[in-house]
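Coordinates in review
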Amino acid sequence: MKSQTPTPKLRWWCLWAALCFVPTLFFHYVGEEGVYTLTSMEMWQRGEFRSTVMYGLTGGGAGRPPLFNWLMIPVAHMVGWEQVLLASRMVTVTATLGTGLITGWLAQQLWRDRSIAWMAALLYLLTADVLLYRGWLSYADPLFSMLVILSLAQTWVACLRRSYPLLGAAMLAAFAAFLTKALTAYLFLGVGMLVLLLDADCRRFLLKPQAWLIYLLALLPPLIWLSIGTQDNAQHLKMWTDVVGKLSFEDLTAYVTRLLVYPIDMFARLLPGSFFVAYFFLRRREVIVGQDPFVRQCLLLALLNFLPYWLAPFGGPRYVLPIYPFLALPAAFLVVRHPGNLRVRHWLAAMLAIGMLVHLLAFPYYQRVVRGENYLEMAQEIIEKYAQYPLYASNDSSVGLSVVANINSLQWDKPALVRPPADFQNGIVIAYTPDDVPGTLLRRLSNDNDAVYLICRGKACEVDN
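If you're wondering where the values come from, they're calculated on a predicted model, not measured in any experiment.

About the cut-offs
Residues numbered from 1 in each chain as written. Predicted model: local features only at pLDDT ≥ 70, side-chain atom pairs only at ≥ 80, totals over all residues. Heavy atoms only, no water. Helix = DSSP H or I, 4+ residues; strand = E, 2+ residues; numbered from the N terminus. Rg over C-alpha atoms; globule rule 2.2 N^0.38 Å. Contact = heavy atoms within 4.5 Å. Areas by Shrake-Rupley, 256 points an atom, 1.4 Å probe, with all protein chains shown as cover. Lys, Arg positive; Asp, Glu negative; His and termini not counted. Charge placed at Lys NZ, Arg CZ, Asp CG, Glu CD. Pairing = 2+ DSSP bridges. Axes fitted to C-alpha atoms, helices over the stretch in contact; angles between N-to-C directions. Disulfide = S-S within 2.5 Å. Buried < 20%, exposed > 50% of the residue type's maximum accessible area, 1.4 Å probe, protein only. Core = buried A, V, L, I, M, F, W, Y, C linked by side-chain atoms within 4.5 Å. Arc of directions from axis to C-beta. Phe/Tyr/Trp six-rings, centres within 6.5 Å; stacked < 30°, edge-to-face > 60°. Lys NZ or Arg CZ within 6 Å of the ring centre and 35° of its normal. Parallel < 35°, antiparallel > 145°, perpendicular 65-115°, else oblique. Left-handed = near helix turned anticlockwise from the far one by under 90°. Nonpolar A, V, L, I, M, F, W, Y, C, P; charged D, E, K, R; others polar.

Across its full length, the protein chain carries 21 helices and 6 strands. In terms of overall dimensions, the protein chain is globule-like: its C-alpha atoms have a radius of gyration of 24 Å, near the 23 Å expected for 465 residues. Dimensions along the principal axes, computed over C-alpha positions, put the protein chain at roughly 75 × 50 × 50 Å. By sequence separation, contacts in the protein chain at least 24 residues apart represent 77% of the contacts at least 6 residues apart. Taken as a whole, the protein chain presents about 20,000 Å² of accessible surface, with 64% of it coming from carbon and sulfur. A gap of 14 Å separates the mean positions of the 37 positive and 30 negative side-chain charges of the protein chain.

Shown next as structure tokens:
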């Protein structure tokens, strides 16, 4: 059955979706984006590239591996370190667009239909959470997700082609995902391989001796990295603690509420693909159950990878970003091959319009009147009034990170701010509370309901506010 939306139009719509992300490159700091710009600036200034460094501490910034920083640093060097946030967003948006391309490539390999391939890429880019927030937010998650999807896609296509080089490339992509964020890259890959093992042809390929040799070799890079690659000796412990910490159980009521709310929240974030799949599951289930095995495999892979994060007491949507394409893939197949009266083009046009409206008008207005621009203004005020004194930072909140990151980029010719030495005699600390460090509270610097505390010692306390 032919698609109601021709392939050439889908290509143009994919281009439109990509252009929706351009305004996001120039947004002010959001959330904890400062972690990644701060660590990149300090790594470059100190010439330390094997571990992240933040506020002068090796392993700072949650102790993540540094691949995201490795990609960000040359881009920042190219555009200028004063624009380090732009460099960070360029990496993030490129990763999101790359994930869309990988999703389309996998769809083409599975169904050999260009309309499905372009639709899959488009549905991923127009997924509400990706388009409006997660796809441009300068965290490690978009890059991590792209590399996990690349690993899973290469593994699946390796099964289809009986290609051991492609399977080896999949293991390298998984290692790159690990270097971006966490050990959970291998959990996503392992669950995906378990789903593929349910297919007899894939099982024969994945269990051959050549494949086992590749798996054994794939263990070496992460082991080598954790033993001698990084200078952050506690990185493996931090990564393990990060996983285990989400399993700690505290409040039964909160947990039950999460069990009920989380899937509803995810359904909304995954629109319109979640709506398309739900429609077929409720109204035309035979299309999912009886016709195409790839649809069932995609949905099973998404579900099995979603369950641990749903059942865990803690964990937000960004942790399951790698499963988003595996909802876009079956949704694309269903709406192209069985469009019915779903009015898919209306959904696509509406999402594109919402994306442009939010990115061009709504979010810039929010950053101007609520938060975002105020971080830059606070940083400018600190530099203007107090830059003649030594400045330090102990504030790890999103506000503090954003203010300090702006300070470091605005005065790039100076060393990045570090945590205050216990015995410092003169200077000002940008703190989270007035009791963070011993000293005199110079002032509470507030702008649009966000605030940092400035604690002084020595001559810095004589400054006129």
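Time to look at the sheet that holds strand E6 (residues 450–457). Here 4 strands make up an open sheet; going across it, the order is E3-E4-E6-E5 and the pairing mixed. Here the strands that pair on one side only, and so sit at the sheet edges, are strand E3 (391–393) and strand E5 (440–447). If you compare each strand with its neighbour and ignore which way they point, the axes differ by 25 degrees on average. Across 5 bridges, the pairing between strand E4 (residues 427–431) and E6 is antiparallel.

The full count for this structure, using the stated rule, is 1 disulfide. Looking at the unpaired cysteine 159, the closest cysteine sulfur is the one in cysteine 202, lying at 3.9 Å. Overall, cysteine 159 belongs to the buried group, its relative accessible area being 1%.

The next subject is the nonpolar core. Grouped together as the largest cluster of nonpolar side chains are 153 residues, with contacts concentrated most on Leu167 and Phe326. If sequence neighbours within four positions are ignored, leucine 167 has contacts with Thr155, Ala158, Phe205, Leu206, Ala211, Ile214 and Tyr215. Listed in part, the 7 residues of the second largest apolar core include Phe424, Ala431, Val437 and Ile455.

A separate point is helix H12 (residues 220–229). Each turn of an α-helix holds 3.6 residues, which means side chains three or four residues apart point in the same direction. Every buried residue belonging to H12 is among Pro222, Trp225 and Gly229, and all of these are buried. The buried residues of H12 all sit within an arc of 90 degrees when viewed along its axis, so they share a single face. Projecting away from the buried face of H12 at angles above 90 degrees are the exposed residues Leu223, Ser227 and Ile228.

Quick look at the packing of aromatic side chains now. All told, the structure shown has 27 aromatic pairs when counted by the stated rule. Between phenylalanine 178 and tyrosine 186 the ring centres are 6.2 Å apart and the planes differ by 50 degrees, which places this aromatic pair in the tilted class. Ring pairing ties together the aromatic residues Phe27, Tyr133, Trp136, Phe363 and Tyr366, which thus form one cluster. Here the basic side chain of arginine 258 rests over the ring of tyrosine 262, its NZ or CZ set 4.4 Å away from the ring centre. Above the ring of phenylalanine 281, the side-chain terminus of arginine 285 is found at 4.5 Å from the ring centroid.

Attention shifts here to the pairing of E5. When E5 meets E6, the two strands line up antiparallel, connected through 7 bridges. Among the inter-strand pairings, serine 446 is bridged to a residue of E6, identified as alanine 451. Between E5 and E6, which follow one another and run antiparallel, lie 2 residues, and aspartate 448 among them has a positive phi close to 55 degrees.

Our next topic: the packing of helix H4 (residues 84–111) against helix H5 (residues 114–125). Contact geometry of H4 with H5 gives a least axis separation of 8 Å together with a crossing angle of 150 degrees. Overall, the two elements H4 and H5 adopt an arrangement that is roughly antiparallel. Once H4 is placed against H5, the crossing between them reads as right-handed. Only Arg114, Ile116, Ala117, Ala120, Ala121, Tyr124 and Leu125 of H5 make contact with H4, whose side of the interface consists of Thr96, Leu97, Thr99, Gly100, Thr103, Gly104, Ala107, Gln108 and Trp111. Here the residues of the contact of H4 with H5 are counted per class, giving 9 nonpolar, 6 polar and 1 charged.

Our next topic: the packing of helix H9 (residues 184–197) against helix H17 (residues 293–311). Where H9 contacts H17, the two axes come as close as 9 Å, and the packing angle between them is 140 degrees. The angle between H9 and H17 places the two elements in the oblique class. In the packing of H9 onto H17, the handedness of the crossing is right-handed. Residue-level contacts link Thr184, Leu187, Phe188, Val191, Gly192, Val195 and Leu196 of H9 to Gln297, Leu300, Leu301, Leu304, Asn305 and Tyr309 of H17.

One can find glutamine 297 in helix H17. Excluding residues within four positions of it along the chain, glutamine 297 makes contact with Trp156, Val195, Leu196 and Asp199.

Tracing the backbone shows phenylalanine 275 in helix H15 (residues 273–283). For phenylalanine 275, a relative accessible area of 29% gives the class partly exposed. C-alpha separation for the pair phenylalanine 275 and leucine 220, spaced 55 residues apart in sequence, amounts to 42 Å. Other than its neighbours up to four places away in sequence, phenylalanine 275 contacts Phe267, Leu342 and Trp347.

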